[in-house]
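Spelled out, the chains give:
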Amino acid sequence: MSPPTPTLQSLTIPSHTLRQTPSPPHIVYHLTIRTSHSTYTLTPRYSSFAALHAALTSEIGSPPPGVFPPKHPYRLLVNPFARSALSESDAIERRVALETWLRGLVMDRDRRWVASRALRDFLAAPSGLSSSSDPSSSSSTEPWTSTTWITTQSELVSLSRQTRASFAKRDGLIVRGESAAAYVAEKDGKKSLVELVTRLGKLTSGLNDLAKEGMVQGEIGRRTEMVQRLQDEVESLGVAAGTKARAPNVAKEAYEPEGGRRAALLATPGAGGGGSKNVGRALGAAAKAKETAETRALDNGGLLQLQDEYVEQQDSKLEGLAAALRRQRDLGLMIADELAVQDELITGLEGDVDRVGNRMKAAEKTMRRLG
């Protein structure tokens, strides 16, 4: 059987390098790609991104979504006589724009872009890369960036939900008496929990690295709360891993006579004759319990087992409701985090707009002076 197709998990362009060879000097971008099987880095030039843009346009029949950054910054387009090598700030601006364009391409709702041959060839792993390499391996030297940290945190939130779903599935299978399938579900849940604990430790270390690199204190506090919520979820999952649902018990026959025991099981409080007391106020005469098609063929032990099954089903439904409420809470927290990130991006965009406006004013002054 062929190995499963790796799933793209994240892609970032955390840095770039100016190379002198082959001539002329040029910039290469360190494109880090993380899949479900491996993590690897490509070093394409700007011309490679431009070729990808052209290939996608030709293959799909329309330009790709998003704004593709120009080769030269705006100030050089306004004043062609000032053409020179890209400054470091220009290179960083173009690198961020390329990453934004490429991520938007992958996350676009129209799946034709991510399924296109041109994009798959562009993101293909280099030959000789082992598909068994672990992206969370301690030997990985990939530097942490603000974007990769947020991406990893989102992956861990998804992994925690998957782990909880495995334990919930295990409990449901135990209730139904499917012990073999419950064992497999429990094994998957514990394996995911181990991975979650390992990657959470690395995420915490990554936050410490970002703090040393000068991340603002408010953002560090926000991300520390995100780590704390994951740690609380890990502790809860640890408790869930060791707490299994109670398997349905086969009732044992009591020494009470058959008729009396069955009457006690089907007795209604206040009906009389069974020695039971009227424990509450009832409107009208109490209805006598009736045999149903489901209970008619059961003996005393079967009735007790049926009651246990009903109770277990109710417990299972309550657990499902609780899990749904937890998912809603996590979704609310994720929305709050996303709003905070969007607010930060909007703040940065406002700063960029101000800088572009200042450059436009300077260009207009230059044009008036030359005119």
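Residues numbered from 1 in each chain as written. Predicted model: local features only at pLDDT ≥ 70, side-chain atom pairs only at ≥ 80, totals over all residues. Heavy atoms only, no water.

Let us look at the overall build of the protein. Broken down by element type, the protein carries nine helices and three strands. Its helices and strands in sequence order give the protein the pattern β-β-β-α-α-α-α-α-α-α-α-α, from N to C terminus. Nonlocal contacts in the protein, meaning residues at least 24 apart in sequence, comprise 66% of its contacts between residues at least 6 apart. When the accessible surface of the protein is split by element, carbon and sulfur atoms take 58% of a total near 23,500 Å². (Helix = DSSP H or I, 4+ residues; strand = E, 2+ residues; numbered from the N terminus. Contact = heavy atoms within 4.5 Å. Areas by Shrake-Rupley, 256 points an atom, 1.4 Å probe, with all protein chains shown as cover.)

Strand order in the open sheet formed by three strands is β1-β2-β3, and the pairing between neighbours is antiparallel. Whereas interior strands pair on both sides, the edge strands pair on one side only; in this sheet they are β1 (8-19) and β3 (39-42). Neighbouring strand axes in the sheet, compared pairwise and without regard to direction, differ in orientation by 20 degrees on average. Here β1 pairs with strand β2 (residues 26-35) via nine bridges, running antiparallel. Pairing of Arg19 across the sheet is with His26, part of β2. (Pairing = 2+ DSSP bridges. Axes fitted to C-alpha atoms, helices over the stretch in contact; angles between N-to-C directions.)

Counted at 1.5 Å a residue, the expected span for helix α1 (residues 46-60) with its 15 residues is 21 Å, and the 21 Å between its end C-alpha atoms agrees. Residues of α1 that are buried include every one of Tyr46, Phe49, Leu52, Leu56 and Ile60, and no others. In a view along the axis of α1, the buried residues occupy a sector of 115 degrees, so they form one face of it. Looking at the packing, one finds that the buried side of α1 touches β1, β2, α3 (88-107) and α4 (117-122). Directly after α1, the chain includes Gly61, whose backbone phi takes a positive value near 100 degrees. (Expected span 1.5 Å × (residues − 1). Buried < 20%, exposed > 50% of the residue type's maximum accessible area, 1.4 Å probe, protein only. Arc of directions from axis to C-beta.)

With respect to the helices and strands, the residue Arg229 is situated in helix α7 (residues 217-242). Spatially, the C-alpha atom of Arg229 lies 9.6 Å from that of Asp330, the residues being 101 residues apart in sequence. Ignoring any residue separated from it by four or fewer positions in sequence, one finds Arg229 in contact with Leu333 and Asp337. A distance of 3.2 Å separates polar atoms of two side chains, one belonging to Arg229 and the other to Asp337. (Polar contact = N/O pair within 3.5 Å; in protein donor to acceptor, adjacent residues only side chain to side chain.)

Look at helix α5 (residues 146-175) against α7: their axes get within 11 Å of each other, and the N-to-C directions meet at 20 degrees. Overall, the two elements α5 and α7 adopt an arrangement that is roughly parallel. Between α5 and α7 lies a crossing of left-handed hand. Residues Ser146, Trp149, Ile150, Gln153, Leu156, Val157, Ser160, Thr163, Arg164, Phe167 and Arg170 of α5 form the contact with α7, whose own contacting residues are Arg222, Arg223, Met226, Val227, Leu230, Glu233, Ser236, Leu237, Ala240 and Ala241. (Parallel < 35°, antiparallel > 145°, perpendicular 65-115°, else oblique. Left-handed = near helix turned anticlockwise from the far one by under 90°.)

On to the pairing of β3. Here β3 shows a buried face lined by Tyr40 and Leu42 and an unburied face lined by Thr39 and Thr41. The pairing of β2 with β3 spans four bridges and is classified as antiparallel. Bridge pairing links Arg34 to Thr39 in β3.

Let's shift gears to the packing of aromatic side chains. Applying the stated criterion across every chain, the model contains four aromatic pairs. Ring geometry for Tyr29 and Phe49: centres 6.1 Å apart, planes at 85 degrees, overall edge-to-face. Residue Tyr29 is located in strand β2, and its partner Phe49 is located in helix α1; the two are separated by 20 residues in the primary sequence. Neither Tyr29 nor Phe49 differs from the other in exposure class; each is buried. Measuring from centroid to centroid gives 5.7 Å for Tyr46 and Phe68, while their planes differ by 40 degrees, and the two rings are tilted. Taken together, the residues span a long stretch of sequence, with Tyr46 in helix α1 and Phe68 in the loop between α1 and α2 (74-78) at a distance of 22 residues. Grouped by ring-pair contacts, the aromatic residues Tyr29, Phe49 and Phe122 constitute a single cluster. (Phe/Tyr/Trp six-rings, centres within 6.5 Å; stacked < 30°, edge-to-face > 60°.)

Turning to the pairing of β2, a few remarks are in order. Burial within β2 is extensive, with 10 of its 10 residues counted as buried. Of the two faces of β2, the one lined by His26, Val28, His30, Thr32 and Arg34 and the one lined by Ile27, Tyr29, Leu31, Ile33 and Thr35 are each fully buried. Adjacent in sequence and paired antiparallel, β1 and β2 are bridged by six residues.

A contiguous patch of negative charge on the surface is contributed by Asp343, Glu344, Glu350 and Asp354. By the secondary structure assignment, Asp343 is in helix α9 (residues 300-370). (Patch = residues over 30% accessible without salt bridge, like charges linked within 9 Å, V, L, I, M, F, W, Y side chains within 5 Å. Salt bridge = Lys/Arg side-chain N within 4 Å of Asp/Glu carboxyl O. Lys, Arg positive; Asp, Glu negative; His and termini not counted. Charge placed at Lys NZ, Arg CZ, Asp CG, Glu CD.)

Mapped onto the fold, Arg327 is located in helix α9. By relative accessible area, Arg327 is classed as partly exposed at 47%. Along the primary structure Arg327 and Arg161 are separated by 166 residues, whereas in three dimensions their C-alpha atoms are 8.0 Å apart.

Among the nonpolar cores identified, the biggest contains 24 residues, and Leu31, Phe49, Leu52, Leu102, Leu119 and Leu123 are the most heavily contacted of them. Looking at this core, the elements with two or more residues in it are β1, β2, β3, α1, α3 and α4. For this core, the element with the most residues is α3, which contributes six residues. One finds Phe167, Ile220, Ala240 and Ala241 within the second-largest nonpolar core, a separate group that totals 20 residues. (Core = buried A, V, L, I, M, F, W, Y, C linked by side-chain atoms within 4.5 Å.)

By secondary structure assignment, the location of Arg34 is in strand β2. Judged by relative accessible area, which is 11%, Arg34 ranks as buried.

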